[in-house]
Amino acid sequence: MDALLAVADPAAAPSVNLWGALGCAVAYSASLLATLDAFADWILARADSPAGRLTPAVGLKFGSKIASAVIVVVAAAIVLALDENWFAFTSLSIAFVVIVAIGLAVLLRHSRVVAAARPPGG
């Protein structure tokens, strides 16, 4: 029924909150940067550590960046869904997932390269 009213009277159609979408886009991009920075911290810390493991401090730093990114992305997604801005919700979510997947692929590739370069038993 709402769609019929929107066709009959375009002024009655609910408008998309562009400022909210812009704020959510900024939140998604900040979360993306935090996630990629956490991946970079992991790669650098494992390369610098003699045992190839994360120290507790770097592990806490990594975990806090990932946790904050998840909280912000979920909150922004909820805001976009409540605002019924499905285009922004879909496009930002797909972009976030694709770029994080690329980051994970780089992270896994790096760990395989490092594991192959280590001598057996060392």
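Bear in mind the structure is a predicted one, so any value in this text is a computation, not a measurement.

## Digging into a nonpolar patch on the surface
Reasoning step 1: The grouping of Leu36, Ile94, Val98, Ile99, Ile102 and Val106 at the surface amounts to a nonpolar patch, some 470 Å² of accessible area in total.
Reasoning step 2: The element best represented in the nonpolar patch is helix H4 (residues 86-117), accounting for 5 residues.
Reasoning step 3: In this fold, isoleucine 102 is placed in helix H4.

## Thoughts on the packing of aromatic side chains
Reasoning step 1: In the structure shown here, the tally under the stated rule is 3 aromatic pairs.
Reasoning step 2: Residues tyrosine 28 and phenylalanine 96 carry aromatic rings whose centres are separated by 6.2 Å and whose planes lie at 80° to one another, so their mutual orientation is edge-to-face. Residue tyrosine 28 is located in helix H2 (residues 18-48), and its partner phenylalanine 96 is located in helix H4; the two are separated by 68 residues in the primary sequence.
Reasoning step 3: Overall, phenylalanine 96 belongs to the buried group, its relative accessible area being 15%.
Reasoning step 4: Arranged with centres 5.8 Å apart and planes meeting at 85°, the rings of tryptophan 86 and phenylalanine 89 form a pair that is edge-to-face. Of this pair, tryptophan 86 and phenylalanine 89 both sit in helix H4, separated by 3 residues, roughly a single helical turn.

## Some thoughts on the nonpolar core
Reasoning step 1: Formed by 17 residues in total, the largest nonpolar core has its most connected members in Tyr28, Phe39, Ala76, Leu80, Phe96 and Val100.
Reasoning step 2: Elements that contribute at least two residues to this core include exactly H2, helix H3 (56-82) and H4.
Reasoning step 3: Take this core: its biggest share by element is 8 residues, from H2.

## Section: H4
Reasoning step 1: Taking 1.5 Å per residue, 32 residues should reach 46 Å; H4 reaches 46 Å between its end C-alpha atoms and fits that length.
Reasoning step 2: The set of residues buried in H4 consists of Ala88, Phe96, Val100, Gly103 and Leu107.
Reasoning step 3: Residues of H4 that are buried make contact with H2 and H3.

Cut-off values and rules
- Residues numbered from 1 in each chain as written.
- Predicted model: local features only at pLDDT ≥ 70, side-chain atom pairs only at ≥ 80, totals over all residues.
- Heavy atoms only, no water.
- Patch = residues over 30% accessible without salt bridge, like charges linked within 9 Å, V, L, I, M, F, W, Y side chains within 5 Å.
- Areas by Shrake-Rupley, 256 points an atom, 1.4 Å probe, with all protein chains shown as cover.
- Salt bridge = Lys/Arg side-chain N within 4 Å of Asp/Glu carboxyl O.
- Helix = DSSP H or I, 4+ residues; strand = E, 2+ residues; numbered from the N terminus.
- Phe/Tyr/Trp six-rings, centres within 6.5 Å; stacked < 30°, edge-to-face > 60°.
- Buried < 20%, exposed > 50% of the residue type's maximum accessible area, 1.4 Å probe, protein only.
- Core = buried A, V, L, I, M, F, W, Y, C linked by side-chain atoms within 4.5 Å.
- Expected span 1.5 Å × (residues − 1).
- Contact = heavy atoms within 4.5 Å.

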